[in-house]
Amino acid sequence: MVDRPEVALDELYREVVLDHHRRPRGRTPLPRVDARAHGLNPVCGDEIHLHLSLDGDRITGVEVQGRGCAICTASGSMMAEVIPGHTEVEATAFAEVFRNVMHGKVVPPDVDMGDLEALEGVKKFPVRVKCALLPWVTLVDALRAWRNGATEGTATTETEEANP
Amino acid sequence: MVDRPEVALDELYREVVLDHHRRPRGRTPLPRVDARAHGLNPVCGDEIHLHLSLDGDRITGVEVQGRGCAICTASGSMMAEVIPGHTEVEATAFAEVFRNVMHGKVVPPDVDMGDLEALEGVKKFPVRVKCALLPWVTLVDALRAWRNGATEGTATTETEEANP
Amino acid sequence: MTATAPPRTTLDPSALRARFPILQRQVHGHPLVYLDNAATTQKPETVLAAIQRYYSTSNANVHRGVHTLAEEATAAYEACRSRVARFVNAPDERGVIIVRNATEALNLVARAWGATLTAGDEVLLSEMEHHSNLVPWILLARERGVVLRHLPITDSGELDMAALPGMLSRRTQVVALTAMSNVLGTINPIAELTEAAHRVGAVMVVDAAQSVPHMPVDFQALGIDFLAFSAHKAYGPTGVGFLVAKPELLERMEPISGGGEMIRAVHLDSATWNDIPHRFEAGTPNIADAAAFPAALDLLEELGMDAVRAHEHDLVRYALERLRSLGWLELHGPLDPARRGGLVSFVDPEIHPHDLAQVLDTRGIAIRAGHHCAQPLMRRLDVAATARASFAVYNDRDEVDALVDGLMAARKYFGVA
Amino acid sequence: MTATAPPRTTLDPSALRARFPILQRQVHGHPLVYLDNAATTQKPETVLAAIQRYYSTSNANVHRGVHTLAEEATAAYEACRSRVARFVNAPDERGVIIVRNATEALNLVARAWGATLTAGDEVLLSEMEHHSNLVPWILLARERGVVLRHLPITDSGELDMAALPGMLSRRTQVVALTAMSNVLGTINPIAELTEAAHRVGAVMVVDAAQSVPHMPVDFQALGIDFLAFSAHKAYGPTGVGFLVAKPELLERMEPISGGGEMIRAVHLDSATWNDIPHRFEAGTPNIADAAAFPAALDLLEELGMDAVRAHEHDLVRYALERLRSLGWLELHGPLDPARRGGLVSFVDPEIHPHDLAQVLDTRGIAIRAGHHCAQPLMRRLDVAATARASFAVYNDRDEVDALVDGLMAARKYFGVA
Ligand SMILES: Cc1ncc(COP(=O)(O)O)c(C=O)c1O
Ligand SMILES: Cc1ncc(COP(=O)(O)O)c(C=O)c1O
């Protein structure tokens, strides 16, 4: 057996990714929560609880809790780093760019992905794309709820509750 | 091409069978009907309307109407020939013997099948077994209804009517 | 106008036959003449190879696995969805639900869309429907007090379009019709019917079991809402069928079956549903056969659906001619071959269809005899059963000749003058 | 007592592996180590050959055709029914309904038997059920006001039998439980549970998706009423599953799906149903895969279900030992290997199951990571997901060793001390 047979893995788990995974940003509880959402990956059961602070339409703080894999955790951590300072519209647009990248599109020249570029390797692992997207889907949900005036963001990834 | 490539067919359509098919017995309307049933083959849509006259528990007349293939028609015709004179119990038992023969069992030594023996070849054609059995299933239904005191026999092959 | 005169056939049936392993077979010492294609078609070598390939290289359960096999299996399964979407020009592959057969697709619409109907609402069907497009609606009517209406057919075996306006009203919620009758061969004017349905606010459901394999079908051009068909009638494996739908309609439908795949979150007493189309695919699907079906569509695309239609049109025209020339057969369905698909139903008044089929079988010729799952139509035609010969891309005029010879032989065998 | 100590294994996995084409494959340059058998098993050459044979010689639609192919296809399809009846010792082959998968079988019971229940009636499930044995009942509860109860599990991952009496009453109409948990491996005492169910007049439904392929299952000896399983988890094709039932119960059930095959007579506004089992099989079935499944059962019978169980028991005992010896894993399910089937769920507290599975995949090892369609159980175990290795007849101890090596390598890769 080769010493490190997991060479292919390094595509997925780049150093930056592993760093975010080991020391995830955005875990500190926010003093004030203006928007929130709960995200769920039905494929594996991974969950995210997302809290946001806003000043006007500008996001000032991001808090990500929950349990997910290294990819999901790193993606959420990078989001917590990159999103504060952006307006709601900018953040939603950024999420859309990231979604496109995960589905194989190229990064528009005027967009700086920051550490998120390190997640580009994920797109070669289709099942894991959902892991990387979970925090972003949840962000979009939280912002949509906030825009619609819901004080508590509703988790719109959970719809059509079938209570007996 | 051989002159008569249908040699295998002769197993199914023996001369006696073809004769009953061409000149089916039991087509004359009965003057009095004591039991009746309607039989249906769901596989092909063939139908039989069976009328019986009885004197006490003895069957005195059999009338078979409807539309069916050669096998079904011949089987009904043979039934119309063989059944009159038998009691309800005997006729039911005879029907059971015939059913068994169609499903590959041997004829009990004490049973005389008469012309029905010519239908033995049918058992090699599984789809056609239902054709041969239709008149007999209908007979058993008619007798069961009669026994249960229904003046008009009910077609018990049609159950669970699903009216909207 | 080329609409009623399809281009001359360009298919080479004998070359095609070589690609279907079963067509090399002999039956009762005769080469198989398979004329029961409306019941199910035969499968090309490429479909068989695709099944083998799937099981020998990628077999795994779909959607949930991280490992390589699971990823490959998921990709193969989902490729079927997008291939079908492309083949029928669906608006979105999320609108393609993979089911067992056309019957399940029609039951799914009747149950899940049917759940939006209330007592007194009407569903318009026709007298020429297959049981699969009748019984699901009978079940719905029984459960919800929905009223079923039936567009009559004319004596030439076509939908009575003059009766249509009188049968549509604001109460009509669903119009569900076959695109091509499996007994009469009639090709129905779906685009026109869809317009009429939409004018009163009804959704249009098309039973395309007989049309998708035999003529060009364009979901978006037709403007329809739901379309059902079976892979096994389109040169694909048994056990796979499709409901193609406008996604926005599916979004409004509740699942009718629960289990793995179709959920988002499950609690002991409640559950939330997954996105479409997965919401309607409970449990492990028929992965291998779905993975193999695109090979069948590849064949159809290679031939071209216009050429397929032209070939079968040519065969049915020839068959109608030859059968009519016998002089003793009752032929059912439109006389104009341009108005019908590649099948012909007939009755010899002296020989029951079962007996005809039996005689033909000894000559290696496979036709169907019976009610063809269309008992109400049989009653309308006042027959117990018919014999039916139905064509596919690998059939040719010689096989029609063999059929005609067989019908003559049957008369001789049964001693009909 | 031999009941808890199965006979020593007599299987020869390496000889068996040669009979499964996919097991010759390499993944990322390593021989495939397939440990995801609870999701789906691989298929022996004989099953693949049976599919080819069916399509190359006998393909036709079933039940209605007079011609030779139709007769052969019908015989092949019906042979599956009798083979399954014999394999699980069903009281009557009329009690075997051929469906798509275990999920469809459970939905069929929940809907068609469930239609006999009324508001306030109770259905007893458990905390360890697969979504396929939860969601159908949730749908029923929602429709009919039926009350769901759930037998809790103990901390060792077994049904809490002490709680059983308190959960059963005259209101209990259905008890529906898994015979073997797909997460914990727990083998449940079905005979005992059935007796308790019958004592209060409830019917006993068994989700045997994991038990039929891995241990002897005798329908009549267990005394159960309904049994559901999937062919694809028992070395058979995808797209085929079974509901096995007492015929007298099926007789009392109305069909839930309408179309061809399942009718006796159809009128435009009403229909009468065919006999069981056909009443529940609407439309063209998955003929080819049903025809092929007996080849998988032949393999199991050749090996002997006692030997299969013994082999997998040996593997799970060895796996539990080796995994426990690593020192850092949380293992779920009963510790006693005699009380569990051949699978083991585990969690590395430092590495998410997805990441574990990903590392293992690069070494050619396929395991499953996730909630295994058992979210309520995940909540009960207080985990988001687990990793699961599940065994089949072709696995051996070397593969367990490879798994253990992989788990160590994962810790190294992620820099966990
Ligand atoms: C017009 C039509 N609709 C529906 C069906 C049902 O197809 P399946 O049995 O594949 O569900 C058929 C075929 O029998 C058909 O011809
Ligand atoms: C215990 C159990 N029940 C039911 C199922 C559902 O099986 P299928 O997806 O084949 O319907 C599974 C498999 O996923 C299972 O493990």
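Analysis parameters
The residue numbers shown here count from 1 along each chain, following its written sequence. Whichever chain is written first is A, and whichever ligand is written first is 1; the rest continue in order. Predicted model: local features are reported for residues with pLDDT of at least 70 only, side-chain atom pairs are reported and counted for 80 or more only, and whole-chain, interface and lining totals are derived from all residues. Side-chain figures throughout are based on the complete set of non-hydrogen atoms in the structure, without hydrogens or water. Helical segments are the DSSP runs of H or I of at least four residues, strand segments are the runs of E of at least two, and each set is numbered from the N terminus. Only protein chains enter the area calculation, which uses a 1.4 Å probe; residues under 20% of their type maximum are buried, those over 50% are exposed, and those in between are partly exposed. Two residues form a contact once any of their heavy atoms are found within 4.5 Å. Note on areas: these come from Shrake-Rupley sampling with a 1.4 Å probe, and a residue is covered only by the protein chains present in the view. One heavy atom within 4 Å of a molecule or strand makes the whole residue count as near it. Counting of polar contacts relies on pairs of N or O atoms within 3.5 Å, with two restrictions inside protein: one atom must be capable of donating a hydrogen and the other of accepting it, and residues adjacent in sequence are counted only when both atoms are side-chain atoms. Lines are fitted to the C-alpha atoms to define the axes, a helix being fitted only along its stretch in contact, and any angle between axes, read from their N-to-C directions, falls within 0 to 180 degrees. Orientation labels follow simple angle bins: below 35 degrees gives roughly parallel, above 145 gives roughly antiparallel, 65 to 115 gives roughly perpendicular, and whatever is left gives oblique. In this classification, the charged set is Asp, Glu, Lys and Arg, the nonpolar set is Ala, Val, Leu, Ile, Met, Phe, Trp, Tyr, Cys and Pro, and all remaining amino acids, among them Gly, are polar. Two strands make a pair as long as DSSP finds a minimum of two bridges between them. Salt bridge, as applied in this entry: a Lys or Arg side-chain nitrogen positioned within 4 Å of an Asp or Glu carboxyl oxygen. pLDDT is a residue-level measure of predictor confidence that goes from 0 to 100. Overlaid copies result from least-squares superposition on C-alpha atoms, with residues included only where pLDDT is at least 70 in both.

Further remarks concern the overall build of chain A. When its secondary structure is counted, chain A shows five helices and three strands. Scanning chain A from its N terminus toward the C terminus, one meets helices and strands in the order α-α-β-β-β-α-α-α. The buried share among the 164 residues of chain A stands at 50%. Look at the contacts in chain A between residues 6 or more apart in sequence, and 61% of them connect residues 24 or more apart. Summed over its atoms, the accessible surface of chain A is roughly 7,400 Å², and 53% of this surface lies on carbon and sulfur atoms.

This part takes up the site of ligand 2. In the region of ligand 2, 15 residues are neighbours, and C:Thr284, D:Thr103, D:Asp207, D:Ser230 and D:Lys233 sit closest. Measuring from an oxygen atom of ligand 2, one finds a side-chain N or O atom of D:Ser230 at 2.6 Å. The side chain of D:Lys233 places a nitrogen or oxygen atom 2.7 Å from an oxygen atom of ligand 2. Coverage of ligand 2 by the protein chains reaches 97% of its 390 Å² of free accessible surface.

It is worth spelling out the side chain of D:Thr194 at this point. For D:Thr194, the location among the structural elements is in helix H7 (residues 190-199). Excluding anything up to four places from it in sequence, D:Thr194 contacts D:Met204, D:Leu222, D:Gly223 and D:Ile224.

This paragraph deals with the packing of helix H2 (residues 45-58) of chain D against helix H3 (residues 68-87) of chain D. All names here are of chain D. Relative orientation of the contacting elements H2 and H3 amounts to 160°, with a least axis distance of 10 Å. Here H2 lies roughly antiparallel to H3, going by the angle between them. Where H2 abuts H3, its residues Tyr54, Thr57 and Ser58 lie against Leu69, Glu72 and Ala73. Considering only residue class, the contact of H2 with H3 consists of three nonpolar, two polar and one charged.

Residues and elements named next belong to chain C. Across the five residues that make up strand S17 (residues 386-390), a large majority, five, are buried. The alternating pattern of S17 places Thr386, Arg388 and Ser390 and Ala387 and Ala389 on opposite faces, both of which are buried. Summarising the sheet, strand S14 (residues 343-347) and S17 pair through four bridges and their orientation is antiparallel. By the bridge assignment, Leu343 is partnered in S17 with Ser390. For strand S16 (residues 368-370) and S17, the ladder comprises three bridges, and the chain directions are antiparallel. Across the sheet, residue Arg368 finds its bridge partner in S17, namely Arg388.

Contact residues are listed per partner, giving 26 residues for chain B and 21 residues for chain C. Here chain B is connected to chain C by two salt bridges. Between C:Asp355 and B:Arg128 there is a salt bridge whose closest N-O contact spans 2.8 Å. Counting across the interface, chain B meets chain C through eight residue pairs in polar contact (both at pLDDT 80 or more).

A low pLDDT means the predicted coordinates there should not be read in detail. Residues with a pLDDT of 70 or more make up 98% of chain C, whose mean pLDDT is 95. In the predicted complex, the global pTM is 0.95; the interface-specific ipTM is 0.93.

Another point: the pattern of salt bridges. Side chains that differ in charge, positive against negative, can pair when their charged atoms come close. As enumerated under the stated definition, the model contains 80 salt bridges over all chains in all. Note that D:Arg142 and C:Glu254 form a salt bridge whose closest N and O atoms lie 2.7 Å from each other. One end of the pair, D:Arg142, is in helix H5 (residues 135-144); the other, C:Glu254, is in the loop between helix H9 (247-251) and strand S11 (263-266), on a second chain. A relative accessible area of 32% places D:Arg142 in the partly exposed class. For C:Glu254, a relative accessible area of 33% translates into the label partly exposed. Put simply, D:Glu302 and D:Arg19 hold a salt bridge, and the shortest N to O gap is 2.9 Å. One end of the pair, D:Glu302, is in helix H10 (residues 287-303); the other, D:Arg19, is in the loop between helix H1 (13-17) and strand S1 (26-27), with 283 residues separating them in the sequence. For D:Arg19, a relative accessible area of 34% translates into the label partly exposed.

What follows deals with the relation of the copies chain D and chain C. Aligned on chain C, chain D shows an RMSD of 0.0 Å; the corresponding rotation is 180° and the shift along the axis is 0.0 Å. Expressed as a symmetry operation, the mapping of one chain copy onto the other fits a two-fold axis. In terms of proximity to the rotation axis, the leading residue of chain D is D:Gly239, whose C-alpha is 3.2 Å off the axis. Both copies present the same face, since 100% of the interface residues in chain D are matched by interface residues at the equivalent positions in chain C.

Before going further, it helps to spend a moment on the site of ligand 1. Near ligand 1 you find 15 residues, and of these C:Thr103, C:Asp207, C:Ser230, C:Lys233 and D:Thr284 are the closest. Within the side chain of C:Thr103, one N or O atom sits 2.5 Å away from an oxygen atom of ligand 1. Measuring from an oxygen atom of ligand 1, one finds a side-chain N or O atom of C:His232 at 2.6 Å. Protein chains bury 97% of the 390 Å² of accessible surface belonging to ligand 1 in isolation. Broken down by class, the residue content of the shell around ligand 1 amounts to two nonpolar, eleven polar and two charged.

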